[in-house]
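Results of the structural survey
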Amino acid sequence: MNKKCIGCGSTLQSINISKEGFVKSSVIDNADYCERCFKIKHYGEYSVLDKKIDFQGLIRNINSDSLASIVFLIDVLNINENIKSYINKFKNKKYILITKRDILPKSLKDKKIIEYIKNQTNAQDVMFISSVKNYNIDEFLNKIEKDNVRRLYIVGFTNSGKSTFINHILSSKSMKPVVTTSNIPNTTANYITIKINPKLTIVDTPGFIDKNAIYNFLDYNKLIKLYPKKEIRVKTFQVRPNYSVVVNDILRIDNISNKTNSFSFYMNDKLRYEKVKIKNDKLKTLPNLEKTLEEKTDVLINGLGFIRITKESQIKIYTLDTNLIEIRKSMI
Ligand SMILES: Nc1nc2c(ncn2[C@@H]2O[C@H](COP(=O)(O)OP(=O)(O)OP(=O)(O)O)[C@@H](O)[C@H]2O)c(=O)[nH]1
Ligand SMILES: [Mg+2]
């Protein structure tokens, strides 16, 4: 019998403890969850899934399902170049949801970011949601009902909030929110197919892994503290020439131009921020990159968030790997 873990979609097995779906043979007959999901759910103990997911195969599968529509979820703090190419690989009817609206300040307008995504992706159906604050979820469900969507695949990069979104839909339909969620990568291991009602089936999928994201460079104990859990209070620094801002032990930005500039950090405000003189050696051993920026530019640190820089500038950015850094025209 091929029984699946209801938390991550792995096939349950008691043969190899280091492979996905492991559960002790004494309990396998009654188990709903694999050991990894059980530990995440009940003890907050995380472990890395030892599995290479075949994403090309996953995309091929979904593209060959003629009944399928997809909804592509994008984490609002991690809108990067890569997303566009992944969205374009899907040939099905597409919706795009920008997730975790609750993390951004309320005062920001949704519209500008939605327009930014529409321009980037040529997609028309773009909405913000928050699963935590129940924002726009009913609106989205009404929309797909009107469009007669029968089978909806939830796709996107890891940690974009796919499984949390599904749990939220389940709760709203008085079903049990059984899917495992966490802010380490690769939580969902395989398809999880859930019939919501006779007309609609939704399918959770494993998130794409971005090799240039910060989760590849940190151990999981650090990682789980990195991401903001609620609305961020944006930290803004007026940075004079020859001054720098240092964030924890992961990021440093030097102002190497001759103008004072404003750096606004759209990332976890609970991290430790420090303004120091440029001659201070903190984090100077990290890989770094010099950039000349136009006015109103965002510096994205993939997986961490972004920094909005107001004026044209020259900066030096130090972080765990220079491939994490992306520059874009300011989204806000
Ligand atoms: N603040 C906030 N956090 C969210 C929201 N949705 C998801 N999260 C958090 O984001 C993290 C990742 O959520 P998951 O639902 O596990 O992400 P996923 O896309 O299923 O990830 P994979 O299964 O690895 O592909 C978790 O820590 C969630 O609690 C949201 O609307 N608001
Ligand atoms: Mg998931």
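Residues numbered from 1 in each chain as written. Chains lettered and ligands numbered in written order. Predicted model: local features only at pLDDT ≥ 70, side-chain atom pairs only at ≥ 80, totals over all residues. Heavy atoms only, no water.

1. Details of the overall build of the protein
Along the protein, the regular secondary structure elements total seven helices and 16 strands. Scaling as 2.2 N^0.38, a compact globule of 332 residues should have a C-alpha radius of gyration of about 20 Å, and the protein matches this with 21 Å. In terms of overall dimensions, the protein has a C-alpha envelope of 70 × 45 × 35 Å along the principal axes. Counting across all 332 residues of the protein, residues that qualify as buried make up 54%. Considering only intrachain contacts with a sequence separation of at least 6, the fraction spanning at least 24 residues in the protein is 69%. (Helix = DSSP H or I, 4+ residues; strand = E, 2+ residues; numbered from the N terminus. Rg over C-alpha atoms; globule rule 2.2 N^0.38 Å. Buried < 20%, exposed > 50% of the residue type's maximum accessible area, 1.4 Å probe, protein only. Contact = heavy atoms within 4.5 Å.)

2. A closer look at the coordination of the magnesium ion (ligand 2)
Surrounding the magnesium ion (ligand 2) are the protein donor atoms S163 (OG) and T188 (OG1), at 2.0 to 2.1 Å. Of this pair, S163 sits in helix α6 (residues 162-172) while T188 sits in the loop between α6 and β5 (192-197), and the two are 25 residues apart along the sequence. Across this residue pair, the class does not change: S163 and T188 are buried. (Donors = N, O, S within 2.8 Å, 3.2 Å for Na, K, Ca; no water.)

3. Remarks on the domain arrangement of the protein
Taken domain by domain, the protein holds domain 1 (1-51), domain 2 (55-210) and domain 3 (235-329). Computed over C-alpha atoms only, the centres of domain 1 and domain 3 are separated by 41 Å. (Domains from an automatic or database assignment.)

4. Things to note about the sheet that holds strand β8 (residues 243-247)
As summarised here, the arrangement of the five strands in space is β11-β8-β9-β15-β12, forming an open sheet in which the pairing is antiparallel. Taken across any chain shown, the strands that pair with only one partner, and hence form the sheet edges, are β11 (273-277) and β12 (288-293). Each strand axis lies, on average, 20° off the axis of its neighbour in the sheet, ignoring direction. The sheet contact formed by strand β9 (residues 251-255) and strand β15 (residues 313-319) spans five bridges and is antiparallel. If you follow R252 over to β15, its bridge partner there is Y318. (Pairing = 2+ DSSP bridges. Axes fitted to C-alpha atoms, helices over the stretch in contact; angles between N-to-C directions.)

5. Considering a positive patch on the surface
Residues R240, K275, K277 and K279 make up a contiguous surface patch of positive charge. For K275, the location among the structural elements is in strand β11. (Patch = residues over 30% accessible without salt bridge, like charges linked within 9 Å, V, L, I, M, F, W, Y side chains within 5 Å. Areas by Shrake-Rupley, 256 points an atom, 1.4 Å probe, with all protein chains shown as cover. Salt bridge = Lys/Arg side-chain N within 4 Å of Asp/Glu carboxyl O. Lys, Arg positive; Asp, Glu negative; His and termini not counted. Charge placed at Lys NZ, Arg CZ, Asp CG, Glu CD.)

6. With respect to the packing of aromatic side chains
What the rule picks out here adds up to 15 aromatic pairs. Centre to centre, the rings of F72 and F90 are 6.4 Å apart; their planes meet at 70°, and the pair counts as edge-to-face. Taken together, the residues span a long stretch of sequence, with F72 in strand β1 (residues 68-75) and F90 in the loop between α3 (81-89) and β2 (93-99) at a distance of 18 residues. Of the two residues examined, F72 and F90, each falls in the buried class. Relative to F306, the ring of Y266 lies with its centre 4.7 Å away and its plane at 10°, an arrangement referred to as stacked. Residue Y266 is found in strand β10 (residues 261-266), and its partner F306 is found in strand β14 (residues 305-309); the two are separated by 40 residues along the sequence. (Phe/Tyr/Trp six-rings, centres within 6.5 Å; stacked < 30°, edge-to-face > 60°.)

7. A few points about the site of ligand 1
Surveying the vicinity of ligand 1 reveals 22 residues, the closest of which are D102, T158, K162, T164 and T188. At a separation of 2.7 Å, a nitrogen atom of ligand 1 approaches a polar side-chain atom of D102. Across the complex, the protein chains shield 90% of the 660 Å² of accessible surface that ligand 1 would expose by itself. Its atoms largely coinciding with the cavity grid, ligand 1 occupies the largest pocket. Tallied by class, residues from the shell around ligand 1 come to three nonpolar, 15 polar and four charged. (Near = heavy atom within 4 Å. Polar contact = N/O pair within 3.5 Å; in protein donor to acceptor, adjacent residues only side chain to side chain. 1 Å grid on protein atoms, 1.4 Å probe; cavity = no way out; pocket = protein on both sides within 12 Å on 5 of 7 lines; lining within 4 Å. Sits in = over half its atoms within 2 Å of the grid points. Nonpolar A, V, L, I, M, F, W, Y, C, P; charged D, E, K, R; others polar.)

8. Regarding the layout of surface pockets
Considering only enclosed or pocket space, the largest pocket measures out at about 660 Å³ in volume. At the level of secondary structure, the elements contributing two or more residues to the lining of the largest pocket comprise α1 (35-43) and α6. Among the elements that make up the lining of the largest pocket, the one with the highest residue count is α6 (four residues). Here the residues of the lining of the largest pocket sort into 10 nonpolar, 16 polar and five charged. Looking at the lining of the largest pocket, you find at least three residues from each of domain 1 (1-51) and domain 2 (55-210). Space inside the second largest pocket adds up to approximately 290 Å³. (Points joined across faces, edges and corners; volume = space filled by probe spheres on them.)

9. Let's talk about the state of the cysteines
A complete count under the given rule lists zero disulfides for this structure. Residue C8 stays outside any disulfide, its sulfur separated by 3.7 Å from that of C37, the closest cysteine. Assessed through its relative accessible area of 0%, C8 is described here as buried. With no disulfide partner, C37 has as its closest neighbouring cysteine sulfur the one in C5, 3.7 Å distant. Of the residues examined, C37 reaches a relative accessible area of 0% and is grouped as buried. (Disulfide = S-S within 2.5 Å.)

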